[in-house]
Amino acid sequence: MQTININLDIKEIVYDIQNKTFLTGKSRRDGANHEQVANMQANDDEENANQVLRSISMAFSNLKTKLGEYLDLARTTATNELIASDEELHLGLKMPSNYNSSTVDTLAAAAHQYVVSMAVADWFTITHKTDAPEYSSLAEVSLQIISEAVNKRSRPKRTVSTAGQ
């Protein structure tokens with residue numbers, strides 16, 4: 001067995017969420033829907049930030065459920081306290097000895113994208129329902145990438161004996 005560690009910086013996730021909601025809102029602008037566009041765009045105001053952090057927390061919990069068979073956790077307690085924006089989300093995964101570790105970067109990127117897409121879908125469920133399904137679909141694509149990456153294995157290598165030379 002080998003352990004791989006994936007750390008996701010919440011500040012990077014929040015920025016990505018804010019950027020995606022900003023760009024999506026900007027693309028929905030039609031010249032008459034200024035308030036709707038403004039409400040679609042997540043920002044650092046307390047009520048916005050708290051909702052985004054709750055959405056991140058839920059998305060990360062869902063991701064841990066999806067990766068449950070690989071998780072290396074000994075936690076037996078949990079809390080519903082709001083996560084801090086300066087924390088890191090950590091995944092310790094116990095992988096088989098033949099796991100192809102070249103996919104670790106793919107796992108980290110897809111995990112980030114999954115959490116962002118789920119959080120944006122949750123945000124748009126509140127602020128602009130018609131955009132929520134698109135981000136839920138993006139999260140599903142990220143899960144497929146995660147599944148493929150955790151199931152990559154390295155080819156066996158024959159050890160060459162030097163005996164008898």
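Treat the numbers as computed from the prediction; the structure is a model and nothing was measured.

Caption draft 1: Up close: the overall build of the protein. When you go through the protein residue by residue, the secondary structure sums to 5 helices and 2 strands. Listed by position from the N terminus, the elements making up the protein come as β-α-α-α-β-α-α. At 20 Å, the protein has a C-alpha radius of gyration far larger than the 15 Å of a compact globule built from 165 residues. Across its three principal directions, the C-alpha atoms of the protein cover 85 × 35 × 20 Å. Of all 165 residues assigned to the protein, the portion counted as buried reaches 36%. Taking as baseline every contact in the protein between residues at least 6 positions apart, the subset at least 24 positions apart corresponds to 81%. Carbon and sulfur atoms provide 47% of the accessible area of the protein, an area that totals close to 10100 Å². Computing the positive centroid from 16 side-chain charges and the negative centroid from 21, the protein places the two 12 Å apart.

Caption draft 2: Representation of the nonpolar core. In terms of nonpolar packing, the biggest core is built from 42 residues, with Ile56, Leu63, Leu93, Leu107, Val115 and Ile146 touching the most fellow members. If you list the elements that add at least two residues to this core, you get β1 (2-9), α1 (10-27), α3 (46-66), β2 (88-95), α4 (104-127) and α5 (132-150). When residues no more than four places from it in sequence are discounted, the contact partners of Leu63 are Leu91, Ala111, Tyr114, Val115, Leu143 and Ile146.

Caption draft 3: Here's a closer look at the packing of aromatic side chains. Counting across every chain of the model gives 1 aromatic pair. Measuring from centroid to centroid gives 5.6 Å for Phe124 and Tyr135, while their planes differ by 50 degrees, and the two rings are tilted. Here the residue Phe124 occupies a position in helix α4, and Tyr135 occupies one in helix α5, the gap between them amounting to 11 residues. By relative accessible area, Tyr135 is classed as buried at 9%.

Caption draft 4: A look at the packing of α3 against α4. Interhelical geometry of α3 versus α4 gives an angle of 130 degrees and a closest axis separation of 8 Å. In terms of their interaxial angle, α3 and α4 are classed as oblique. Here α3 runs over α4; the crossing is right-handed. Counted together, Asn48, Gln51, Val52, Ser55, Ile56, Ala59, Phe60, Asn62 and Leu63 of α3 and Ala111, Tyr114, Val115, Met118, Ala119, Asp122, Trp123 and Ile126 of α4 form the full contact between these two elements.

What counts, and where the lines are drawn
Throughout this document, residue positions are counted from 1 along each chain, in the order its sequence is written. Note on the predicted model: pLDDT of at least 70 is required for a residue's local features to be given, and 80 or more for side-chain atom pairs to be given and counted; whole-chain, interface and lining totals, by contrast, use all residues. Computation of side-chain values: all heavy atoms of the structure, hydrogens and water removed. In this description a helix means any DSSP run of H or I spanning at least four residues, a strand means any run of E spanning at least two, and both kinds are numbered starting from the N terminus. Based on C-alpha atoms, the radius of gyration is set beside the globule rule, defined as 2.2 Å times the residue count to the power 0.38. Burial classes follow relative accessibility: with a 1.4 Å probe on protein chains only, a residue under 20% of its type's maximum area counts as buried, one over 50% as exposed, and anything between as partly exposed. Any two residues whose heavy atoms approach within 4.5 Å are treated as being in contact. The method behind every accessible area is Shrake-Rupley, applied with a 1.4 Å probe, and residues are considered shielded solely by the protein chains displayed. For the charge count, each Lys or Arg is scored as positive and each Asp or Glu as negative, with His and the chain ends excluded. To locate a charge, the coordinates of NZ of Lys, CZ of Arg, CG of Asp or CD of Glu are taken. Here, nonpolar core means buried Ala, Val, Leu, Ile, Met, Phe, Trp, Tyr and Cys residues that are tied together by side-chain atoms lying within 4.5 Å of each other. For Phe, Tyr and Trp, rings pair up if their centres lie within 6.5 Å, where Trp contributes its six-membered ring, and each pair is then called stacked (planes under 30 degrees apart), edge-to-face (over 60) or tilted (otherwise). To get an axis, fit a line to the C-alpha atoms, keeping to the stretch in contact for a helix; angles then go from 0 to 180 degrees between the N-to-C directions. Roughly parallel refers to an angle under 35 degrees, roughly antiparallel to one over 145, roughly perpendicular to one between 65 and 115, and oblique to any angle outside these ranges. Crossing chirality is assigned from the near helix's rotation relative to the far helix, an anticlockwise turn below a right angle marking it left-handed and a clockwise turn marking it right-handed.

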